[in-house]
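# Residue-level structure breakdown
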Amino acid sequence: MPAFTATAPGKIILFGEHAVVYGQPAIAVPVEQVRARVVVDPQPRGQPGTLRIIAKDIQLDAWLDELPTDQPLVVAVQLVLSELKIERCPACTIRVSSSIPVASGLGSGAAVSVALLRAFSAFLGRPLSDERVSALAYEVEIIHHGTPSGIDNTVVTYAAPVYYVKGQPIQRFLVPLPFSIVIGDTGISSSTSQSVGDVRLALQAEPDRYQAYFSSIGEIVEQARRCIETQSIQRMGQLMRENHALLQKIGVSCEALDRLVFAAEGAGAWGAKLSGGGRGGNMIALVDEVQAASVAQALRVAGAVSTIMTRVR
Ligand code: PMV
């Protein structure tokens, strides 16, 4: 039996985070520069049903039955076994590695789940469809996020730009003119479920105000999609500024994110905003390709611990 390998890219939300949890659209794109990788190695001499999980990045090396049942890797393994109605799988080792920074809005949890679901189901001889991979990765996301919108598992599974509305079939869209994004990492790890939970409490306290913020974000997302489709890239920069201002009002920005957004715009980006759960993690800047390197440099001077330049196409 050969080894089975699958990889999945990171992702970044361009527009619409938080509002997407309440039914507004969002746009997210894959980030191919960072990836999760899962290799399933058969252990022909091992006892059937024995499964070892090794994830060096998180200092994990254990037998499946030694791990807590709600550990996300364990959940992903069990989801595949129950989906395929397999009670005892052939002995194997599952190796997980990833270059996607964790807890920073780059979809690391979803990418690991997608790669694992694909590699493990292929190892068992019944590779899952994209639709099932995305649905099962969503189940794992519930552990990471509490009430995920489903955008992470969707964009990571399909590895393509998506326009996403919770509960609706995904819409892929064309990017006729590729554009450049610089991603800056504050280095502050932040919990998405915490920020989503705080926004929920704020919404309960002031429903009208928060619903108005979410609708405004939804309108920005619609306009941004039209900008991408009509190649009005600079106008999209202005929309990023507006989206960031609304996220500040919602209470999910922080001093470090605002500082990086300010630095990117000062260095010539067309617009910038936080991306993902906020309160740390990443921000993005929309740039002319020739300015990408100088905007990345300005971000590092302003305190970014790392930057990634990516082309959206
Ligand atoms: O980019 P992340 O993984 O931090 O995603 C957060 C996006 C939210 O809209 C805040 C939550 C969600 O589930 O969509």
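On a predicted model such as this, the values are computed, not experimentally measured, just so you know. (Residues numbered from 1 in each chain as written. Predicted model: local features only at pLDDT ≥ 70, side-chain atom pairs only at ≥ 80, totals over all residues. Heavy atoms only, no water.)

Close to the ligand lie 16 residues, the nearest being Lys11, His18, Ser149, Thr192 and Gly277. Contacts to the ligand include serine 149, whose side-chain N or O atom sits 2.5 Å from an oxygen atom. Elements with a minimum of two residues in the shell around the ligand: strand E1 (4-15), helix H4 (151-158) and helix H5 (192-205). Partitioning the shell around the ligand into residue classes produces six nonpolar, seven polar and three charged. Mapping the shell around the ligand onto the domain boundaries places at least three of its residues in each of domain 1 (4-171) and domain 2 (175-312). (Near = heavy atom within 4 Å. Polar contact = N/O pair within 3.5 Å; in protein donor to acceptor, adjacent residues only side chain to side chain. Helix = DSSP H or I, 4+ residues; strand = E, 2+ residues; numbered from the N terminus. Nonpolar A, V, L, I, M, F, W, Y, C, P; charged D, E, K, R; others polar. Domains from an automatic or database assignment.)

Looking now at the sheet that holds strand E10 (residues 282-287). Read from one edge of the open sheet, four strands run E9-E10-E8-E11, paired in antiparallel fashion. Sheet topology places strand E9 (271-275) and strand E11 (306-312) at the edges, where each strand pairs with a single neighbour. Averaged over all pairs of adjacent strands, the angle between their axes in this sheet comes to 25 degrees, without regard to strand direction. Across seven bridges, strand E8 (residues 179-185) lies against E11 in antiparallel orientation. Looking at E11, one finds that glycine 184 is bridged to threonine 307. (Pairing = 2+ DSSP bridges. Axes fitted to C-alpha atoms, helices over the stretch in contact; angles between N-to-C directions.)

This part is about the pattern of salt bridges. Under the criterion given, the structure shown has 13 salt bridges. Of the charged contacts, one joins glutamate 83 and arginine 132 as a salt bridge, the two residues approaching to 2.7 Å between their closest N and O atoms. Highlighted residues: glutamate 83 in helix H1 (residues 72-83) and arginine 132 in helix H3 (residues 130-145), separated in sequence by 49 residues. Exposure remark for glutamate 83: the relative accessible area of 24% places this residue in the partly exposed category. Judged by relative accessible area, arginine 132 falls into the partly exposed class, the value being 34%. (Salt bridge = Lys/Arg side-chain N within 4 Å of Asp/Glu carboxyl O. Buried < 20%, exposed > 50% of the residue type's maximum accessible area, 1.4 Å probe, protein only.)

Here serine 134 shows up in helix H3. Given the relative accessible area of 8%, serine 134 is considered buried.

Let's shift gears to the packing of H1 against helix H2 (residues 108-123). One can describe the packing of H1 onto H2 by two numbers: an axis separation of 10 Å at closest approach and a directional angle of 40 degrees. Of the possible angle classes, the one that applies to H1 and H2 is oblique. Crossing of H1 over H2 shows right-handed handedness. Packed against H1, whose contacting residues are Leu73, Ala76, Val77, Val80 and Leu81, the element H2 presents Val112, Leu116, Leu117, Phe120 and Ser121 at the interface. (Parallel < 35°, antiparallel > 145°, perpendicular 65-115°, else oblique. Left-handed = near helix turned anticlockwise from the far one by under 90°. Contact = heavy atoms within 4.5 Å.)

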